[in-house]
Amino acid sequence: MGKKIKIAIIGLGLIGGSIYKSLDKRKYEVIAISKSQKGKNIFDKIENVKNSDIVFICSNMSETQNVLDELDKILDKKTIVADTCSIKSFLEEKDYSFDFIMSHPMAGTEKSGYSASFKGLFKDAKWVITKDNKTLKKIIKDLGAKPVLMDKITHDKTTALISHMPNILSCALFDMIKDNKDAKLLASSGFRDMTRLAMSNENLIADMFEYNEENILHALNKLQESINKFKKMPRDEKMELIKDNAKKRKEMYKNGKNTTN
């Protein structure tokens, strides 16, 4: 049996913790860097990532560029470094000492922190990478996810639509009824599921607006256009649209999974 690939994970929140718990320790040598978590192969000094084959940066988005700059003093070209940020355009693409590949696992929950992480978070999830790499793709597949090659500009526009907008809409929907006693009394599973993301990490929401506001505002305008169009439709056209969307939504998530290639 050959030498195990050494994987380092910086930050053990929801994403980093789930990578740490999901990697097969029989196949990979896995270490983590964390200020808050203690345990076997968990260190508090970033220098411990030296000689790793792959490093996943799972720090807060606002800290990621600083971590990249720190790693630039430690690693060499044989090491692959992949971030996990939900926004890409703010990250610098300079001549790092390592091989930097932007990446983003399209998975998560409304919860945060290591205690919320779990094995299997990435099962059947799409995982965006901005550069093709055989080794990174293998690890992503071993985590249960499906690698998707996409440039960073397209990624940021797309995540504004399908990742950042749900957070905003969830918050807005709850805000609409938060002082309505009767609405809160009767609210059940539909409202609960639609407003789940209103409980998301505040730091994540703040970073969304800090680094992707233009795309988010564009997405909000697109939504407003859809609402205005729907409001003006005759009733029979409304029902046709509802029927068509129900069919397409069902096709998109067959068996509860996103089947879009």
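On a predicted model such as this, the values are computed, not experimentally measured, just so you know. (Residues numbered from 1 in each chain as written. Predicted model: local features only at pLDDT ≥ 70, side-chain atom pairs only at ≥ 80, totals over all residues. Heavy atoms only, no water.)

Draft legend 1. How the structure looks around helix α4 (residues 152-177). Across its 26 residues, α4 extends 37 Å between first and last C-alpha, which sits within 8% of the 38 Å expected from 1.5 Å per residue. At A160, α4 shows its largest kink, close to 45°. Considered for burial, the residues of α4 that qualify are K152, H155, D156, T159, A160, H164, M165, N167, I168, S170 and I177. Against β7 (103-105), β8 (126-129), α5 (181-186), α6 (189-194) and α7 (202-232) lie the buried residues of α4. (Helix = DSSP H or I, 4+ residues; strand = E, 2+ residues; numbered from the N terminus. Expected span 1.5 Å × (residues − 1). Bend = angle between axes of the 7 residues up to and from the residue. Buried < 20%, exposed > 50% of the residue type's maximum accessible area, 1.4 Å probe, protein only. Contact = heavy atoms within 4.5 Å.)

Draft legend 2. Region of interest: the pairing of strand β1 (residues 5-10). Of all six residues that make up β1, five are buried, and the element is covered over most of its length. As paired strands, β1 and strand β2 (residues 28-33) are joined by six bridges and run parallel to one another. Bridging across to β2, I5 finds its partner in Y28. One crossover worth recording links β1 to the parallel β2 by way of helix α1 (residues 14-22), and it is right-handed. Here β1 pairs with strand β4 (residues 54-57) via four bridges, running parallel. Counterpart to I7 in the pairing with β4 is I54. (Pairing = 2+ DSSP bridges. Right-handed = clockwise from strand over helix to strand, strands pointing away.)

Draft legend 3. Structural detail: the packing of aromatic side chains. Scanning the model with the defined rule gives six aromatic pairs in all. Plain terms: the ring middles of Y96 and F98 are 4.8 Å apart, the flat faces sit at 10° to each other, and that makes the pair stacked. Measuring from ring centre to ring centre gives 5.6 Å for Y96 and F100, while their planes differ by 80°; the resulting arrangement is edge-to-face. Both residues of the pair, Y96 and F100, count as buried. By way of ring pairs, the aromatic residues F56, F122 and W127 are connected into one cluster. One cation-aromatic arrangement involves K25 over Y20; the distance from NZ or CZ to the ring centre is 4.7 Å. In this structure, K238 packs its charged tip against the face of F230, placed 5.5 Å from the ring centre. (Phe/Tyr/Trp six-rings, centres within 6.5 Å; stacked < 30°, edge-to-face > 60°. Lys NZ or Arg CZ within 6 Å of the ring centre and 35° of its normal.)

Draft legend 4. Geometry of the pattern of salt bridges. This model, assessed by the stated rule, comprises 16 salt bridges. The shortest N-O distance in the salt bridge between K77 and D95 comes to 3.5 Å. With a gap of 18 residues between them, K77 in the loop between α2 (61-71) and β5 (80-83) and D95 in the loop between β5 and β6 (99-101) connect regions that are remote in the sequence. Each member of the pair, K77 together with D95, is exposed. When the shortest N-O distance is used, the salt bridge between D132 and K137 registers 3.1 Å. The network of salt bridges with common partners includes K27, K138 and D142. (Salt bridge = Lys/Arg side-chain N within 4 Å of Asp/Glu carboxyl O.)

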